[in-house]
Amino acid sequence: MYFHVLADSSEAFVIFIMSYDRYVAICDPLHYSNIFNRKHCLLLASGTWISGCLNSLVIIIPASHMSFCQSHTIHQFSCDAKALLNIACAGSKDVHIVIYAELLIYAVFPFMFCLASYVKIIRVILQIKSKDGRNKAFSTCSSHLTIVIMYFMTGLFVYMMPPSENSDVLEPVFSVLYSVVTPTINPLIYSLRNKDVKSALLRLLGGNKVLNSDGEFREMV
């Protein structure tokens with residue numbers, strides 16, 4: 001459970017930072033190299049992992065005091081905090097408080113910030129006179145915006161969904177979406193946008209085409 005919470009909370013901060021990265025790159029490009037220099041990137045990366053470790057401890061400590069009277073089997077694909085709460089019979093009050101505080105810090109606030117950033121980004125993109133420039137800017141941000149919506153919406157749905165007849169089915173499905181699917185397709189989406197990766201995939205599949213500097217395919221000589 002410790003490593004599961006560590007991965008989820010770190011992923012939330014990574015998505016949050018990437019949203020700010022897109023905001024600076026489009027809305028304040030002249031200061032991008034100063035804001036996201038090597039020193040700042042190292043601080044952001046280390047801060048992400050440190051906050052994830054601390055957040056895991058904050059949840060694990062009260063969760064270790066919960067009592068499970070009937071079954072120790074959780075109806076989930078991973079050791080999720082919500083799944084433990086569903087089978088706990090005592091000592092879950094403190095865990096509930098910690099989880100709701102965590103939702104504000106690692107889900108609600110980052111999600112609202114990401115949406116506000118993209119509102120500003122879209123306004124700036126619409127002011128670009130060049131059609132190619134607008135298309136390039138939109139394509140750069142669309143993949144990350146998809147990840148933002150998928151990750152935060154499914155995570156919030158799992159932890160804020162009231163108990164119902166379908167919750168035993170919906171919770172595992174949405175949990176897999178935000179804890180497994182989103183982190184998996186995140187690097188895949190950004191890698192496929194890289195022309196070198198695309199060219200390598202074409203060669204691996206037996207093709208004889210590569211991408212030139214303009215992003216167009218050409219025959220290999």
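Residues numbered from 1 in each chain as written. Predicted model: local features only at pLDDT ≥ 70, side-chain atom pairs only at ≥ 80, totals over all residues. Heavy atoms only, no water.

Let us now look at the overall build of the chain. Looking only at helices and strands, the chain features 8 helices and 2 strands. Listed by position from the N terminus, the elements making up the chain come as α-α-α-α-α-α-α-α-β-β. Sorting the 221 residues of the chain into buried and exposed places 36% on the buried side. Expressed as a percentage of contacts within the chain between residues at least 6 apart in sequence, the contacts between residues at least 24 apart total 62%. When the accessible surface of the chain is split by element, carbon and sulfur atoms take 65% of a total near 13,400 Å². (Helix = DSSP H or I, 4+ residues; strand = E, 2+ residues; numbered from the N terminus. Buried < 20%, exposed > 50% of the residue type's maximum accessible area, 1.4 Å probe, protein only. Contact = heavy atoms within 4.5 Å. Areas by Shrake-Rupley, 256 points an atom, 1.4 Å probe, with all protein chains shown as cover.)

Orientation of helix α1 (residues 2–27) relative to helix α3 (residues 38–63), taken along the N-to-C sense of each, is 140°, at an axis distance of 8 Å. The orientation of α1 with respect to α3, classified from their angle, is oblique. Read as a crossing pair, α1 and α3 show a hand that is right-handed. The segment α1 lies against α3, with Y2, V5, L6, S9, S10, F13, V14 and I17 engaging L44, T48, W49, S51, G52, C53, N55, S56, L57, I59 and I60. Of the residues in the contact of α1 with α3, the class split is 12 nonpolar, 7 polar and no charged. (Axes fitted to C-alpha atoms, helices over the stretch in contact; angles between N-to-C directions. Parallel < 35°, antiparallel > 145°, perpendicular 65-115°, else oblique. Left-handed = near helix turned anticlockwise from the far one by under 90°. Nonpolar A, V, L, I, M, F, W, Y, C, P; charged D, E, K, R; others polar.)

Let's shift gears to the environment of S117. When you line up the elements, S117 lands in helix α5 (residues 93–126). It is 9.5 Å that separates the C-alpha atoms of S117 and C27, two residues lying 90 residues apart in sequence. Excluding anything up to four places from it in sequence, S117 contacts S19 and Y23.

So, about the nonpolar core. Grouped together as the largest cluster of nonpolar side chains are 29 residues, with contacts concentrated most on M66, I99, F152 and Y159. Contributing elements (two or more residues each) for this core: α1, α3, α4 (81–87), α5 and α6 (131–160). Examining the composition of this core, we find that 8 residues originate from one element, α5, more than from any other. Of all hydrophobic cores here, the second largest spans 7 residues; its members include I26, Y118, V124 and A137. (Core = buried A, V, L, I, M, F, W, Y, C linked by side-chain atoms within 4.5 Å.)

A few words on α3. Here α3 is 26 residues long and its end C-alpha atoms lie 38 Å apart, about the 38 Å a rise of 1.5 Å per residue gives. Taken together, the buried positions of α3 are occupied by T48, S51, G52, N55, S56, I59, P62 and A63. In this fold, the buried residues of α3 make contact with α1, α4 and α5. Measuring from the side-chain oxygen of the N-cap residue of α3 to the backbone nitrogen of K39 gives 3.3 Å; that N-cap residue is N37. (Expected span 1.5 Å × (residues − 1). Polar contact = N/O pair within 3.5 Å; in protein donor to acceptor, adjacent residues only side chain to side chain.)

What follows concerns the pattern of salt bridges. This model, assessed by the stated rule, comprises 1 salt bridge. For R22, the salt bridge is made with D21, and the minimal N-O distance between the two is 2.7 Å. The exposure classification of R22 matches that of D21, with both residues buried. (Salt bridge = Lys/Arg side-chain N within 4 Å of Asp/Glu carboxyl O.)

Below, the discussion takes up a nonpolar patch on the surface. On the surface, I50, L54, L57 and I61 cluster together into a nonpolar patch covering about 380 Å² of accessible area. Assignment of secondary structure puts I50 in helix α3. (Patch = residues over 30% accessible without salt bridge, like charges linked within 9 Å, V, L, I, M, F, W, Y side chains within 5 Å.)

Take the packing of α1 against α5 next. Axis separation between α1 and α5 bottoms out at 9 Å; the angle between their running directions is 20°. It follows that α1 is roughly parallel to α5 by the angle criterion. Between α1 and α5 the crossing geometry is left-handed. The segment α1 lies against α5, with V5, S9, A12, F13, I15, F16, S19, Y20, R22, Y23, I26 and C27 engaging E102, Y106, P110, F113, C114, S117, Y118, K120, I121, V124 and I125. Here the residues of the contact of α1 with α5 sort into 17 nonpolar, 3 polar and 3 charged.

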